[in-house]
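For reference, the chains in residue letters:
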Amino acid sequence: MADRYIYQVAVEAFFVRAMKDRLDGPAKERLRGAGLALDEPLLSVYPSDVFHRCVDLAAQAAFPDVGREEACRRAGRAHIDSFVQSYSGKMMAALARQISPQMILDYTATFIRLGNNFTESRARVLGPKKSELWLNDVGGVASWYAGVVQRGLEVANVKEVEVEIGPATPPAATFVVSWQGR
């Protein structure tokens, strides 16, 4: 297996923009201990295990009033909200509004690979407004990716999106995604 990296653009979108003002001093110290120093210039790439471990820590720090899974889901949604504020995010959101929800799911890996070098995905139609989405590596934070997928579809004007986490064979995960249209 090749080395798996998360690019600086994804690290910045999540930890610098989405988590801005949500991480206190102790949370930033925990992130530093896990391999991400936010008070120093960001590296060009981070090992995926460092990124995923830090996502988990940041999510729990940012949303302490809910359990781990819900915190990660909320953090994933926040990631998309901050990403679509960037130039590339605005362009991607505009494109996503022009294609069907199924096509968005079909191209999930393409979208996510803007931020890493390893994501693979497969989407399988389960019904007119329901699909199964498989991701090859969610690094133990499947609910973060569920939040990313849910909010990504919502930003594309898809209505009543639900993302359930299905059976997993770590590091992969399967999601059941349903929606009501646009």
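Everything discussed here concerns the structure shown above.
Thresholds, definitions, all that
- Residues numbered from 1 in each chain as written.
- Predicted model: local features only at pLDDT ≥ 70, side-chain atom pairs only at ≥ 80, totals over all residues.
- Heavy atoms only, no water.
- Pairing = 2+ DSSP bridges.
- Helix = DSSP H or I, 4+ residues; strand = E, 2+ residues; numbered from the N terminus.
- Axes fitted to C-alpha atoms, helices over the stretch in contact; angles between N-to-C directions.
- 1 Å grid on protein atoms, 1.4 Å probe; cavity = no way out; pocket = protein on both sides within 12 Å on 5 of 7 lines; lining within 4 Å.
- Points joined across faces, edges and corners; volume = space filled by probe spheres on them.
- Nonpolar A, V, L, I, M, F, W, Y, C, P; charged D, E, K, R; others polar.
- Expected span 1.5 Å × (residues − 1).
- Buried < 20%, exposed > 50% of the residue type's maximum accessible area, 1.4 Å probe, protein only.
- Core = buried A, V, L, I, M, F, W, Y, C linked by side-chain atoms within 4.5 Å.
- Contact = heavy atoms within 4.5 Å.
- Phe/Tyr/Trp six-rings, centres within 6.5 Å; stacked < 30°, edge-to-face > 60°.
- Lys NZ or Arg CZ within 6 Å of the ring centre and 35° of its normal.

**Considering the sheet that holds strand β3 (residues 121–127)**
Strand order across the open sheet formed by four strands is β3-β4-β6-β5, with antiparallel pairing between neighbours. Across the chains shown, the open sheet's two edge strands, defined by having one partner strand only, are β3 and β5 (162–165). Strand-to-strand twist in this sheet, taken as the mean axis angle between neighbours without regard to direction, amounts to 25°. In this structure, strand β4 (residues 130–135) lies alongside strand β6 (residues 173–178), joined through six bridges in antiparallel fashion. Looking at β6, one finds that S131 is bridged to V177.

**Re the layout of surface pockets**
Looking at the largest pocket, its volume works out to about 570 Å³. Taken together, 29 residues make up the lining of the largest pocket; nearest its centre are I80, M92, F111, I112 and V148. Elements with a minimum of two residues in the lining of the largest pocket: α1 (8–18), α4 (68–83), α5 (87–96), α6 (101–106), α7 (108–112) and α8 (142–155). Looking at the lining of the largest pocket residue by residue, the classes come out as 22 nonpolar, seven polar and no charged. In this structure, the second largest pocket spans a volume of roughly 200 Å³.

**Here we look at α8**
End to end, α8 covers 20 Å across 14 residues, agreeing with the expected 20 Å (1.5 Å per residue, within 8%). Buried residues dominate α8, accounting for 12 of its 14 residues. Listed in full, the buried residues belonging to α8 are A142, S143, W144, Y145, A146, G147, V148, V149, Q150, L153, E154 and V155. Two residues or fewer past α8, N157 is found with a positive phi of approximately 65°.

**A few points about the environment of S86**
As for its placement among the helices and strands, S86 is situated in the loop between α4 and α5. Separated by 70 residues in sequence, S86 and A156 place their C-alpha atoms 15 Å apart.

**A look at the nonpolar core**
Counting 58 residues, the largest nonpolar core has F14, F15, M19, W144, F175 and V177 as the members making the most contacts within it. Top contributing element to this core by residue count: α8, with eight residues. Ignoring any residue separated from it by four or fewer positions in sequence, one finds F14 in contact with M19, V55, A58, A75, H79 and W144.

**Some points on the packing of aromatic side chains**
Scanning the entire structure with this criterion turns up five aromatic pairs. Residues W144 and Y145 carry aromatic rings whose centres are separated by 5.0 Å and whose planes lie at 90° to one another, so their mutual orientation is edge-to-face. Assigned by exposure class, W144 and Y145 land together as buried. By the ring-pair criterion, three or more aromatic residues cluster together here, those being F14, F15, F51, W144 and Y145. Over the aromatic face of W134 sits the side chain of R122, whose NZ or CZ is 3.9 Å from the ring centroid.

**Observations regarding unusual backbone geometry**
Of the consecutive residues P170 and P171, the connecting peptide bond is found in the cis state with omega at 10°. Summarising the element assignment, P171 is placed in the loop between β5 and β6. The backbone of N157 sits at a positive phi, close to 65°, despite the residue not being glycine. With respect to the helices and strands, N157 occurs in the loop between α8 and β5. A positive phi angle, close to 50°, is found at E160, a residue other than glycine.

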